[in-house]
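Survey of secondary and tertiary structure
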Amino acid sequence: MKQVDLLIHNARQLVTSASDKGPKRGLAMRDAGVIENGAIAIDGESIAAVGETHVIRAAFSARREIDAHDLVVLPGFVDPHTHLVFAGSRVNEFEMRLEGASYLEILANGGGIISTTRATRGATPADLMAVARRNLERMSVLGATAVEIKTGYGLDLETEIKMLEVIAQLDLDVPLTIVPTFMPAHAVPPEFRGRTDDYVEVIVNRMLPAAADWYRRSHFAKVGRPCFVDVFCEREAFSLDQSRRVLEVAKSLGFALKAHVDQFTNLGGVAMAVQLGATSIDHLDTITSDEQSVIAASTTVAVATPAATFHAGGRQFTDVRGLIDAGAALALTTDFNPGSSPCLSIPLVMAIACRYCRLTPAEALNAVTLNAAYAVGMGHRLGSIEVGKQADLLVSDLDDYRVLAYEMGGNPIRTVIRSGEVVRRYD
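Since this is a predicted model, take the numbers as computed values, not measurements.

**Describing the pairing of strand β12 (residues 301–304)**
Covered by surrounding structure in β12 are V301 and V303 together with A302 and A304, the residues of both alternating faces. Note: strand β11 (residues 280–283) against β12, three bridges, orientation parallel. Within the sheet, the bridge partner assigned to I281 lies in β12 and is A302.

**Concerning the nonpolar core**
In terms of nonpolar packing, the biggest core is built from 114 residues, with L170, I295, L330, L332 and L365 touching the most fellow members. Looking at this core element by element, the count peaks at ten residues for helix α7 (residues 196–217). The residues touching L332, leaving out its near neighbours within four places in the chain, are V78, P80, A304, P306, V349, A353, L359, A364, A367 and V368. By size, the runner-up hydrophobic cluster in this structure holds 15 residues, among which are L6, I40, I385 and I417.

**Topic: the pattern of salt bridges**
Within this structure, the stated rule accounts for 21 salt bridges. The closest approach of N and O atoms between D70 and R12, which form a salt bridge, is 3.0 Å. Within this pair, whereas D70 is found in the loop between β4 (60–67) and β5 (72–75), its partner R12 is found in strand β1 (residues 2–15), the two being separated by 58 residues in sequence. Judged by relative accessible area, which is 39%, D70 ranks as partly exposed. Ionic pairing is found between K150 and E148, a salt bridge with its closest N-O pair at 2.6 Å. Taken individually, K150 and E148 each receive the classification buried, so the pair is uniform in this respect.

**Here's the deal with the packing of aromatic side chains**
The final tally for this structure, using the stated rule, is seven aromatic pairs. Ring geometry for F192 against Y199: centres 5.3 Å apart, planes inclined by 45°, an arrangement best described as tilted. A connected cluster of aromatic rings, assembled from ring pairs, spans F86, Y153 and F336. A cation over a ring is seen here: K258 above F228, with NZ or CZ 4.9 Å from the ring centre.

**Things to note about α7**
For α7, spanning 22 residues, the distance from its first C-alpha to its last is 30 Å, which sits close to the expected 32 Å at 1.5 Å a residue. Its maximal kink placed at I203, α7 deviates by approximately 40°. Burial in α7 covers these residues: T196, Y199, V200, I203, V204, M207, L208, A211, A212, W214 and Y215. Those residues of α7 that are buried lie in contact with α6 (157–173), β8 (177–185), α8 (219–222), β9 (228–233) and α9 (240–252).

**Focus: the state of the cysteines**
Following the criterion strictly, the structure yields zero disulfides and no others. C343 forms no disulfide, and the closest cysteine sulfur to it belongs to C357, at a distance of 13 Å. No disulfide involves C354; its nearest neighbouring cysteine sulfur is the one of C357, lying 8.9 Å away. Residue class for C354 comes out buried when judged on its relative accessible area of 16%.

**A closer look at the packing of α7 against α9**
Following both chains from N to C, one finds α7 and α9 inclined at 5°, their axes separated by 10 Å at the closest point. Between α7 and α9, the interaxial angle falls into the category roughly parallel. Where α7 approaches α9, its residues T196, D197, V200, E201, I203, V204 and L208 are matched on the opposing element by Q242, R245, V246, V249 and A250. Class assignment for the residues of the contact of α7 with α9 results in seven nonpolar, two polar and three charged.

**Details of the sheet that holds β11**
Strand order in this open sheet of eight strands is β6-β7-β8-β9-β10-β11-β12-β13, and the pairing throughout is parallel. Edge positions in the sheet fall to β6 (77–79) and β13 (329–332), since each has one partner strand and no second. Sheet twist, expressed as the average angle between the axes of neighbouring strands with direction ignored, equals 25°. When β9 meets strand β10 (residues 256–261), the two strands line up parallel, connected through four bridges. Residue pairing in the sheet places F232 in a bridge with H260 of β10. This element, α6, spans β7 (144–150) and β8 of the sheet and lies at about 175° to β8. Across the sheet, α7 lies against β8 and β9, angled at about 150° from β8, the strand it touches most.

Reading the values: the criteria
Residues numbered from 1 in each chain as written. Predicted model: local features only at pLDDT ≥ 70, side-chain atom pairs only at ≥ 80, totals over all residues. Heavy atoms only, no water. Buried < 20%, exposed > 50% of the residue type's maximum accessible area, 1.4 Å probe, protein only. Helix = DSSP H or I, 4+ residues; strand = E, 2+ residues; numbered from the N terminus. Pairing = 2+ DSSP bridges. Core = buried A, V, L, I, M, F, W, Y, C linked by side-chain atoms within 4.5 Å. Contact = heavy atoms within 4.5 Å. Salt bridge = Lys/Arg side-chain N within 4 Å of Asp/Glu carboxyl O. Phe/Tyr/Trp six-rings, centres within 6.5 Å; stacked < 30°, edge-to-face > 60°. Lys NZ or Arg CZ within 6 Å of the ring centre and 35° of its normal. Expected span 1.5 Å × (residues − 1). Bend = angle between axes of the 7 residues up to and from the residue. Disulfide = S-S within 2.5 Å. Axes fitted to C-alpha atoms, helices over the stretch in contact; angles between N-to-C directions. Parallel < 35°, antiparallel > 145°, perpendicular 65-115°, else oblique. Nonpolar A, V, L, I, M, F, W, Y, C, P; charged D, E, K, R; others polar.

Everything listed is a geometric property; what it means functionally is a separate question.
As structure tokens, this is what we get:
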């Protein structure tokens, strides 16, 4: 009998989200990989065995055990798109929206991203760390074990690098796996208003090379974790040609790619980002059926942001049903940010997606675990309960995993395990 560090056994349901074919697509999205009376053997940071309790207990002894009797065990949630590092508040814009102002109207009048930029430029790293740490801890309580975090509220080299440094320190200090994204092409800063092409030249000639140098020296590079570059291809932000230029230069410097496209206006960003080999394309509220097929025929993951639409009181949610039926790999995200999606709860995102986008609970769960991990280039290591993967697990007091999306507003997570260590436990 082999001894391991931790054995979790007797789970009413062990929900694995397992796949040996990469991200889940089509009908495979409806399979959550449930093992009744399941067990997991964990050795060090990794999963050593998965199966029915009687099989695993016959093969392994453990230094520590968790009896998950009548509980549901799930993969840790992966959030593939957040803007967690920022300063300031935009609650006043919430009221403006309730009175009828649109996001683009607020942005055009110096609000939105530009408002947060002013506050973030003036904040110290300690200020940014304090806000981000608090929000990451809230996400962890709700089951997140891995989170992508973007820059994009600095819009100048000094502040964007400051944000990268904060993201790196968070990864060292907080018990979550963090994937960094460099996003100076989030908005046009006030000093370049009316001169977007000039700002793009600053991005490609100064900011991207500086970020590439930062990444090469960072611990992210040392552990083989990717660093992405993202761009907001949208009216009042960056045109299709400007977005392509940013991503082409980023790719030449060795960055992995993401793209915000089709949130409000369809500029043709899907085909451009797929052609460049983007790991994910995010938002997609105005995507066409032809573009759904383009994504489905690629390795790019489609990342939908239903909480942003919900927060805006909108009705044009991403056609995730169409994306799945076309064969695309779909992920979901909170899109947490201080303006358009102040949502820290992945379970709430699942609930919204099931109601407004017609996902099944299994599809929603696979979209925030395995497929979300592939959306940040970490599907080989995160997102499912499979042998060899990082032991990121959740123990919940649910009696059926589907209740996670059925109920709204609560938190059934009782134990959070990251890399084989219990980081949060609520008895």
